[in-house]
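# Structure at a glance
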Amino acid sequence: SLAVVGGLTAAAGGVLARIGRDPVGSGRSGLAYVGSALRLMRPVNETASPVMRGRSEDRRFDVLEVDFDALHHAARTAGATVNDAFLTAISTGLGRYHEAHDAPVDRLRVTMPISTRRASDPSASNRNDAARFELPVGADDVAGRLARVHAVSSAMRRERWAGSCSQ
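Residues numbered from 1 in each chain as written. Predicted model: local features only at pLDDT ≥ 70, side-chain atom pairs only at ≥ 80, totals over all residues. Heavy atoms only, no water.

### Quick notes on the pattern of salt bridges
Two side chains of opposite charge can pair, provided their charged atoms sit close to one another. Applying the stated criterion across every chain, the model contains two salt bridges. Notably, a salt bridge pairs Arg60 with Asp62, separated by 2.9 Å at the nearest N-O pair. For the pair Arg60 and Asp62, one class covers both residues: exposed. The partner of Glu134 in a salt bridge is Arg107, and the shortest N-O contact between them spans 3.8 Å. Of this pair, Glu134 sits in strand β2 (residues 128-136) while Arg107 sits in strand β1 (residues 107-115), placing them 27 residues apart in sequence. Using a relative accessible area of 34% as the deciding quantity, one classes Glu134 as partly exposed. (Salt bridge = Lys/Arg side-chain N within 4 Å of Asp/Glu carboxyl O. Buried < 20%, exposed > 50% of the residue type's maximum accessible area, 1.4 Å probe, protein only. Helix = DSSP H or I, 4+ residues; strand = E, 2+ residues; numbered from the N terminus.)

### Considerations on helix α3 (residues 68-77)
Its side-chain oxygen placed 3.3 Å from the backbone nitrogen of Asp69, Asp67 serves as the N-cap of α3. Where α3 ends, the next residue or the one after it, Gly79, has phi of about 70°, a positive value. (Polar contact = N/O pair within 3.5 Å; in protein donor to acceptor, adjacent residues only side chain to side chain.)

### As for the environment of Arg132
Structurally, Arg132 is set in strand β2. Taking C-alpha positions, Arg132 is 6.6 Å from Met112, a pair spaced 20 residues apart along the chain.

### Structural notes on the side chain of Ser153
For Ser153, the location among the structural elements is in helix α5 (residues 142-158). With a relative accessible area of 5%, Ser153 lands in the buried category. Polar side-chain contacts of Ser153 include one of 3.2 Å to the backbone oxygen of His150.

### Some words on the confidence of the model for the protein chain
Per-residue pLDDT for the protein chain averages 76, and the proportion of residues at 70 or more is 68%. For the protein chain, helix α1 (residues 2-21) is the element with the lowest average pLDDT, namely 57, and α3 is the one with the highest, namely 91. (pLDDT = per-residue confidence, 0-100.)

### As for the packing of α3 against helix α4 (residues 82-100)
As a packed pair, α3 and α4 sit with axes 8 Å apart at the nearest point and diverge in direction by 105°. Taken together, the axes of α3 and α4 lie roughly perpendicular to each other. Contacts between α3 and α4 pair Phe68, Leu71, His72 and Ala75 from the former with Val82, Ala85 and Phe86 from the latter. For the contact of α3 with α4, a count of residues per class yields six nonpolar, one polar and no charged. (Axes fitted to C-alpha atoms, helices over the stretch in contact; angles between N-to-C directions. Parallel < 35°, antiparallel > 145°, perpendicular 65-115°, else oblique. Contact = heavy atoms within 4.5 Å. Nonpolar A, V, L, I, M, F, W, Y, C, P; charged D, E, K, R; others polar.)

As structure tokens, then:
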């Protein structure tokens, strides 16, 4: 439509103006953006797990109920988010699974949505992008793992690319 073409033209004009004012800074900014996108969504051809290879198409679905208030309290006490506490529980289980198979690992790769919602977004809105990153699953204590998971997920939300696809 004409509105889309007009929007793209205006955006291209803004980019060209920035390049004209600061070509070196614009180049650095562009490279940082591309690097961020590659970190978040780079193709992966192999699993980081020595035991999760050769998977079949068979599926199994189990449900594990967790008391949300307890999870929320644990996250808040640690200065983390509920998602960080959830990821920590998953990483703890994955770590134990690998130890039970005599194949301990320090990190496993996950792909998941990360919230890119801004404070200015309406409260009922939801904004997220997919990100691929390594989740710590090593043998440290749960509180230490929660702190590491929080650091990793916070870094993902700060990536320059995060949020750009959902604008």
